[in-house]
Amino acid sequence: QRPIVVRGLKGSEVLQRIGALGDMAEDVPTVNKITAYLGKQRLRLRYTEPGMPNPARPMIISQTRIEEAMRDRLAEQDVTVEWDSGLVDLEDDADGVTAVLDNGERIRAGWVVGCDGPESMTRKAARIGFPGTTERYLMIDAHADWPLDRDGLTGWLSPDGRRVGTMPMVDRKTGRDDLWRILARDPQEDSDKPSEEEIVSRVKLMLAQRTPYGDMPLRDITTKMVFPAHVRVADAFRKGHVLLVGDAAHAYVPFGGPAIHTGMGDAENLAWKLALVIQGRAGDELLATYEAERRPIAEETHLGTSAAQRADIMRNPVVHFFQDQVLAPLLKLPLAQRLTTFSNSALWESYRTGPLGSGSRLDRKPRPGDTVADFDCVRPSDRRLTRLYDEIGGRWVLLVPAGGAGAAVATTRQWLGEDRFTVVERTVGSVPGPYPKKVRELAGEVWLVRPDGHLAWRGRPDSPGLARWLQGALRHGSVRG
């Protein structure tokens, strides 16, 4: 039931790439902007890409619905989810790991991936630390006639750290468009767990204290829940044959979507690497790149989230002056808004400095390790127009010049196998993402795109660099000299 905001590349586009987006985009609220009240200042950030429309429509989707879509997608792949099989212990050794379940069953596996949330038993059984802080939040769904924009999020951040946020929701039963999800940090978080009546009372108190809407009635209140909001990052994302993904590895306050972005990014990053290792096409060294690429992003998100929670700093009058007179005006500038939007949406997420990235800051974009934007391309087999992300679907994509690139195809087949990648050709005059001035320069290049939508390698069709990259990545877990 936790609120999930899916926006930008690391949310809706990941669902698109794995075939789980379905028709969700047709009947959920969109997020075109976020309005934040910071002290005396009102800040507005718009979710658009510089120079072009946002290719992935920002949306507000509940976690419940995302999980339903992913279960349906698993069922299409003949995968069955076994419920009520709680983990109680792990026994890791040189050859694999044994999972001990609460029903006494013991399951032997080569690898265990813990995607079991902030209270992860997988992480605890692997004895991996999880330092950070925890706060208590309240959440209700209610109908209200508020004069707030329903095409975005609204939040109030106060000096004492008591935050309130609202997001528009669609009532799937009645279709009414006056439903709001309200989150508030519990003003009595040190007390016992509140009852449903106390949850509603405390949310109303926070609305009255922090917003102009405390006197406006809330009708037909449905969801009434309390949950811990963690700001934590695990000491390690891997220990032996145990790997952590999503909230098991890092957890954040759930307003604004950082958890869903990082969690989906983790899963997509790890999946193709673990698959290659299991298939025997890559060495164990490749798995070391999972933590090397993902943990810095988790740490960066943790830094930004925890900084916003430091109530003692926010109370400082010097900080107040800086916030109202310097920071807020700067954040209203178009460039600052674009930078903030892209940072929060993971639209600029890059592994360029990691073990599988390369290139200097002076090289042409996208550089190896960068996210590749979606764009038109052509299937050589039937000359049908397609989209890059539609061709990924858990596979590598080799983008070749119009007319093909036999040597590059043969090299990729040698290292990845016949059925692990798709070949597509550039369209005549195609513009890959925000790089319209580079079309002619790119026309003769080959790009190898990873299954998670990041650029692996780019170069001339006959370059030996492609084989060197594949060899370095799959055998050594590094492409750096």
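Residues numbered from 1 in each chain as written. Predicted model: local features only at pLDDT ≥ 70, side-chain atom pairs only at ≥ 80, totals over all residues. Heavy atoms only, no water.

1. Let's talk about a negative patch on the surface
Part 1 of the reasoning: Taken together, the side chains of D192, E196, E197 and E198 make up a negatively charged region of the molecular surface.
Part 2 of the reasoning: Along the chain, E198 turns up in helix α4 (residues 196-210).
Part 3 of the reasoning: Residue class for E198 comes out partly exposed when judged on its relative accessible area of 36%. (Patch = residues over 30% accessible without salt bridge, like charges linked within 9 Å, V, L, I, M, F, W, Y side chains within 5 Å. Areas by Shrake-Rupley, 256 points an atom, 1.4 Å probe, with all protein chains shown as cover. Salt bridge = Lys/Arg side-chain N within 4 Å of Asp/Glu carboxyl O. Lys, Arg positive; Asp, Glu negative; His and termini not counted. Charge placed at Lys NZ, Arg CZ, Asp CG, Glu CD. Helix = DSSP H or I, 4+ residues; strand = E, 2+ residues; numbered from the N terminus. Buried < 20%, exposed > 50% of the residue type's maximum accessible area, 1.4 Å probe, protein only.)

2. Let's talk about the sheet that holds strand β17 (residues 376-378)
Picture the strands of a sheet paired through backbone hydrogen bonds; they go either parallel or antiparallel.
Part 1 of the reasoning: The strand order across the open sheet formed by six strands is β18-β17-β20-β19-β21-β22, and the pairing between neighbours is mixed. Two strands in the sheet have a free side with no partner beyond their single neighbour: β18 (385-387) and β22 (455-459). The average angle at which neighbouring strand axes cross in this sheet is 35 degrees, direction not considered.
Part 2 of the reasoning: Of the strand pairs in this sheet, β17 and strand β20 (residues 421-426) are connected by two bridges, and their pairing is antiparallel. Bridge assignment links C377 to a residue of β20, and that residue is R426. (Pairing = 2+ DSSP bridges. Axes fitted to C-alpha atoms, helices over the stretch in contact; angles between N-to-C directions.)

3. With respect to the pattern of salt bridges
Part 1 of the reasoning: What the rule picks out here adds up to 26 salt bridges.
Part 2 of the reasoning: Two residues, D266 and R294, come together in a salt bridge whose shortest N-O distance is 2.7 Å. One end of the pair, D266, is in helix α5 (residues 258-278); the other, R294, is in helix α6 (residues 285-307), with 28 residues separating them in the sequence. Neither D266 nor R294 differs from the other in exposure class; each is buried.
Part 3 of the reasoning: One continuous salt-bridge network, built from bridges that share partners, spans E135, R163, R185 and E189.

4. Re the environment of I199
Part 1 of the reasoning: Here I199 is to be found in helix α4.
Part 2 of the reasoning: Given a relative accessible area of 3%, I199 falls into the buried group.
Part 3 of the reasoning: Counting along the chain gives 62 residues from I199 to Y137, while the straight-line C-alpha distance between them is 9.6 Å.
Part 4 of the reasoning: Sequence-distant contacts of I199, that is, excluding residues within four places in its chain, are made with L138, M139, I140, P194, K224, M225 and V226. (Contact = heavy atoms within 4.5 Å.)

5. Notes on the sheet that holds strand β14 (residues 238-239)
Part 1 of the reasoning: Within the open sheet, the three strands sit side by side as β8-β15-β14. Their pairing is mixed. Only two strands of the sheet have a single partner each, and these edge strands are β8 (112-114) and β14.
Part 2 of the reasoning: As paired elements, β14 and strand β15 (residues 242-244) share two bridges and run antiparallel to each other. Looking at β15, one finds that K239 is bridged to V242.

6. Topic: the confidence of the model for the protein chain
Part 1 of the reasoning: With 77% of its residues at a pLDDT of at least 70, the protein chain reaches an overall mean of 81.
Part 2 of the reasoning: Mean pLDDT across the elements of the protein chain bottoms out in helix α7 (residues 311-314) (38) and peaks in β15 (98).
Part 3 of the reasoning: The model gives residues 49-55 a pLDDT under 50, and that stretch makes 10 contacts with residues more than four places away or in other chains.
Part 4 of the reasoning: In this model residues 306-333 is a low-confidence stretch, pLDDT under 50, and it forms 44 contacts with partners more than four residues away in sequence or in other chains. (pLDDT = per-residue confidence, 0-100.)

7. Comments concerning the packing of helix α11 (residues 406-416) against helix α13 (residues 465-476)
A pair of packed helices is characterised by two quantities: the angle between their axes and the separation of those axes.
Part 1 of the reasoning: Between α11 and α13, whose axes approach to 10 Å, the crossing angle comes to 10 degrees. The angle between the axes of α11 and α13 places the two elements in the roughly parallel class. Considering the relative orientation of α11 and α13, their crossing is right-handed. Listed contacts from α13 to A408, T411, T412, W415 and L416 of α11 are L466, A467, L470, Q471, L474 and R475.
Part 2 of the reasoning: Class assignment for the residues of the contact of α11 with α13 results in seven nonpolar, three polar and one charged. (Parallel < 35°, antiparallel > 145°, perpendicular 65-115°, else oblique. Left-handed = near helix turned anticlockwise from the far one by under 90°. Nonpolar A, V, L, I, M, F, W, Y, C, P; charged D, E, K, R; others polar.)

8. Section: the packing of aromatic side chains
Part 1 of the reasoning: Considering all chains together, one arrives at nine aromatic pairs under this definition.
Part 2 of the reasoning: Ring geometry for Y37 versus W156: centroids 5.6 Å apart, planes at 5 degrees, classification stacked. Of the two residues, Y37 sits in strand β2 (residues 33-38) while W156 sits in strand β10 (residues 152-157), which places them 119 residues apart along the sequence.
Part 3 of the reasoning: Centroid distance W396 to W469: 6.2 Å. Interplanar angle 75 degrees. Geometry classified as edge-to-face. Placement of the pair is W396 in strand β19 (residues 396-400) and W469 in helix α13, with a sequence separation of 73 residues.
Part 4 of the reasoning: Residue classification places W396 among the buried residues on the basis of a relative accessible area of 3%.
Part 5 of the reasoning: Chaining the aromatic ring pairs together yields one cluster made of Y37, W146, W156, W180 and Y213.
Part 6 of the reasoning: Over the ring of F130 we find R123; its NZ or CZ atom is 3.7 Å from the centre of that ring.
Part 7 of the reasoning: Just above the ring of W447 sits the side chain of R426; from NZ or CZ to the centre is 4.7 Å. (Phe/Tyr/Trp six-rings, centres within 6.5 Å; stacked < 30°, edge-to-face > 60°. Lys NZ or Arg CZ within 6 Å of the ring centre and 35° of its normal.)

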